[in-house]
Structure formats: structure tokens, C-alpha cells
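# Examination of the molecular architecture
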Amino acid sequence: MVGPAPPVAATRVAVRRMLQGIRKDALVLVACSGGADSLALAAATAFVAPRMGLRAGLITIDHGLQDGSDRRAAAVAAWGASVDLRPSLVVPVDVAGRLGGPEAAAREARYDALLDTARAHDANSVLLGHTRDDQAETVLLALARGAGPRGMAAMPDRRDVDGVALLRPLLDMSRDEARKACAALGLEPWEDPHNLDPSYARSRVRVSALPSLVDALGPGVVPNLARTARLLAQDAEALDVLAAEELERSMLEEGLSVAMLEALLPALRARALHSWALSLGCSPAALSHRHVSALEALVTGWHGQGAVHLPGGIRAARVSGVLRVLTD
């Protein structure tokens, strides 16, 4: 008996590994745009999940940003139903009015819709089709922004958000392998024109920056960037654990001990202050390096300056050796 083509087998193995440990009869949903990466992932999940005793469905997001996007989304959902991915859902989103540029707004709307839909259907997890190439692009974008280790750690293969796991089984596979898997299965991916639109930063990285690096430094650039993300993720996780312990030790009834914070290594202090700001109710999307640096200046560069204004209308100040929240 002839087995599946190697790229098809590789996607199935990747999905099987990612779904190990999920309770029997749980529902997993695949986010599928109709592009090669997510289409290959959806096909692999449709094959693997029932053989592991799991139920599998599909979500396709209609951003409404292109003519005919509703028809295309409906076609993706119909294909999902045809391969027994049930439910197979079209979820429209409204990108207008969100903070950030169009890329960030679309991404935020997409993730909100995926998570809300998963919770509404009591799904255990959502599978995302990001590949090793996407990971390399994310590292370059983070580097260009001046991001630290957490930013350059890029995308984790698993992230739990309020009871829903976001899973990325294909992070160790190339985009080319996903395309070959689709071809072997007779699937015709949709090519999103936004992926080639130079007005988007990721598109410029994908079309120009990363290929130029490959030309200059060789084909190992992409897997090496992805490996860098994995190593940085491990380091960031360790530092986050240590910072959480130090933050706990710095806690006073009225705020944070400046003396305890001042004694910390800079990497731990910045992480502790970042976590503290989040615990106060700051939006993760709005909290920036600038805010954390201003908090750190209250600890290490104190010269009587006033309160730091944090996202959400929160004000933090140094009062008698304590970092505390000011209330009206």
C-alpha cells in the first residue's frame, strides 16, 4: 500500500504531535483562510483528529477588506464541510475603529473572533497555520522595531488564552512544504493579494527583505531565524519566572518597594514592572517600552519627577520609597 506524499505525511505528523494529550471527543477548530498554509493544516487535521478520537471544525474569517471576500469565505467553509470539518463557520469581523495600522487592526479583530467563536462552541483549541517562514518574518519585524527577547521570540507553538489553546503545528515546516502538501492532495490555495502588497510591512519582508538575506547569506537564514526565536523564547520564559518571583518579593500593601526593585538586574526589573503594570489593568496592546522605561526611571533615575501616565488612565508615582497607584 502506497502511503501519502512526504509533505502530506509531514503535516499529519505535525498535527498529531500537537494534538497529543487533548481529551477524547474534544472539539478543535482550524483557522483557515484558504491559503496554502492553513489549507494544508485543515486537510491534515480533518484526517488526523477523528483517528485520535477528536472532533474537528473550521473557522474562516471574513475581514470584509476585499471585494468578494464573503463569497471566498463561504467557499472555504463549504470545502471544510465537504471534508467533515464540522462545524465549518464563516465569521465576519469589523476592522474599522481599531487601534494601530491596518495589519494590526486586522490581526486583533481576527484573534478576537477566533477566541470568541471557540468559546461559543466550547472548543478546546484553535489551530493556526503559521510556518517556519512566518516565524522568520516575525523575528525580522521584531528586530526592526527594536524589540527585546520577548518580541524576537516571535510566535509560540502554544499559547493559552482564557481557556482556549492557540496551537501552531507547522512552525517547524516551510511554506514550500505546505504548498507541496496542497498540490499532492489536489487542493487549490487562494493567493491573498495582501501578501504581496508593499504597503504592508510583512509583505515587504516576505517579498524583498528575507529573499535578499537568503541571497546574501544562504538558505540557512530562514531556519536559523526560526531557531533564534525558539532559543529566545526559552530564555524569556526563564526570565519571566524569575521576574515574577522578584515582583512577589517586592510587593508591599501599598505598592512596590523601590529598594527591592533597585537591587534587581535590569532585565528582571523591567519584566517585573511590565507585569505590575498589566496587573493594574493596562492593556497589553497599549503598554509599551516607553511606559515601562518611565516606571523604571522612578526607581533608578529618581529626581522628584511626577506620576507616570499608563494606558487606561492609570497613574503611578514614587511616594516615600514606594511605587504606588495614585487615586483621585
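Reading the values: rules and limits
Residues numbered from 1 in each chain as written. Predicted model: local features only at pLDDT ≥ 70, side-chain atom pairs only at ≥ 80, totals over all residues. Heavy atoms only, no water. Core = buried A, V, L, I, M, F, W, Y, C linked by side-chain atoms within 4.5 Å. Buried < 20%, exposed > 50% of the residue type's maximum accessible area, 1.4 Å probe, protein only. Helix = DSSP H or I, 4+ residues; strand = E, 2+ residues; numbered from the N terminus. Contact = heavy atoms within 4.5 Å. Domains from an automatic or database assignment. UniProt positions renumbered as here; feature names shortened; annotations may be inferred. Polar contact = N/O pair within 3.5 Å; in protein donor to acceptor, adjacent residues only side chain to side chain. 1 Å grid on protein atoms, 1.4 Å probe; cavity = no way out; pocket = protein on both sides within 12 Å on 5 of 7 lines; lining within 4 Å. Points joined across faces, edges and corners; volume = space filled by probe spheres on them. Nonpolar A, V, L, I, M, F, W, Y, C, P; charged D, E, K, R; others polar. Phe/Tyr/Trp six-rings, centres within 6.5 Å; stacked < 30°, edge-to-face > 60°. Lys NZ or Arg CZ within 6 Å of the ring centre and 35° of its normal. Pairing = 2+ DSSP bridges. Axes fitted to C-alpha atoms, helices over the stretch in contact; angles between N-to-C directions.

Counting 36 residues, the largest nonpolar core has Leu-19, Trp-79 and Leu-127 as the members making the most contacts within it. It is helix H2 (residues 36-51) that provides the largest number of residues to this core, a total of 10 residues. Those residues in contact with Leu-127 that sit more than four places away from it in its chain are Val-15, Leu-19, Val-28, Leu-29, Val-30, Ala-31, Leu-41, Thr-45, Leu-167 and Pro-169. With 23 residues, the next largest nonpolar core counts Ile-61, Val-95, Ala-105 and Val-164 among its residues.

Time to look at the domain arrangement of the protein chain. Many authors give the size of an interface as the accessible area that is lost as the parts come together. Structurally, the protein chain comprises domain 1 (6-213) and domain 2 (251-326). Inter-centroid distance (C-alpha atoms) of domain 1 to domain 2 is 36 Å.

Turning next to the UniProt feature "binding site: ATP" (unreviewed entry) in the protein chain. Using the residue numbers shown here, the UniProt feature "binding site: ATP" (unreviewed entry) corresponds to Ser-33, Gly-34, Gly-35, Ala-36, Asp-37 and Ser-38. Examined against the element boundaries, Ser-33 turns out to sit in the loop between strand E1 (27-31) and H2. Leave out the neighbours within four places in its chain, and Ser-33 touches Ser-38, Thr-60, Val-76 and Trp-190. Reaching out from Ser-33, the side chain makes a polar contact with the backbone nitrogen of Gly-35 at a distance of 3.1 Å. For Ala-36, the position within the fold is in helix H2. A relative accessible area of 6% means that Ala-36 is categorised as buried.

Attention now moves to the layout of surface pockets. Size it by volume and the second largest pocket reaches roughly 440 Å³. What lines the second largest pocket is a set of 22 residues, and nearest its centre among them are Asp-157, Arg-168, Leu-171, Asp-172 and Arg-230. Broken down by secondary-structure element, the contributors of at least two residues to the lining of the second largest pocket are helix H1 (6-19), helix H5 (132-145) and helix H9 (221-250). Counting residues per element, the lining of the second largest pocket draws most heavily on H9, which supplies 6 residues. A per-class count over the lining of the second largest pocket returns 13 nonpolar, 1 polar and 8 charged.

All told, the structure shown has 0 aromatic pairs when counted by the stated rule. When the ring centre of Phe-47 is taken as origin, the NZ or CZ atom of Arg-12, which lies over that ring, is 3.6 Å away. Directly above the aromatic system of Phe-47 lies the positively charged group of Arg-51, at a separation of 3.7 Å from the ring centroid.

With that settled, the discussion passes to the sheet that holds strand E10 (residues 314-319). In space, the 5 strands of this open sheet follow the order E7-E8-E11-E10-E9, with antiparallel pairing throughout. Both edges of this open sheet fall to strand E7 (251-252) and strand E9 (308-310), since each of them pairs with a single strand only. Bridge analysis of strand E8 (residues 255-257) against strand E11 (residues 322-325) gives 2 bridges, and the strand direction is antiparallel. Bridge pairing in E11 links Leu-256 to Leu-323. Where helix H11 (residues 266-279) meets the sheet, its contacts fall on E7, E8, E9, E10 and E11, and the angle it forms with E11 comes to roughly 25 degrees. Against the sheet, helix H12 (residues 289-300) touches E9, E10 and E11, its axis set at about 150 degrees to E9.

Attention shifts here to unusual backbone geometry. For the bond from Arg-86 to Pro-87, the omega torsion is 5 degrees, close enough to zero to count as cis. Within the secondary structure, Pro-87 sits in the loop between helix H3 (69-82) and strand E3 (88-92). Phi at Asp-25 takes a positive value of approximately 70 degrees, unusual for a residue other than glycine. The residue Asp-25 is located in the loop between H1 and E1 in this model. Not every positive phi belongs to a glycine, and Asp-162 is a case in point at roughly 50 degrees. With respect to the secondary-structure elements, Asp-162 resides in the loop between strand E5 (158-161) and strand E6 (164-167). Residue class for Asp-162 comes out exposed when judged on its relative accessible area of 67%.

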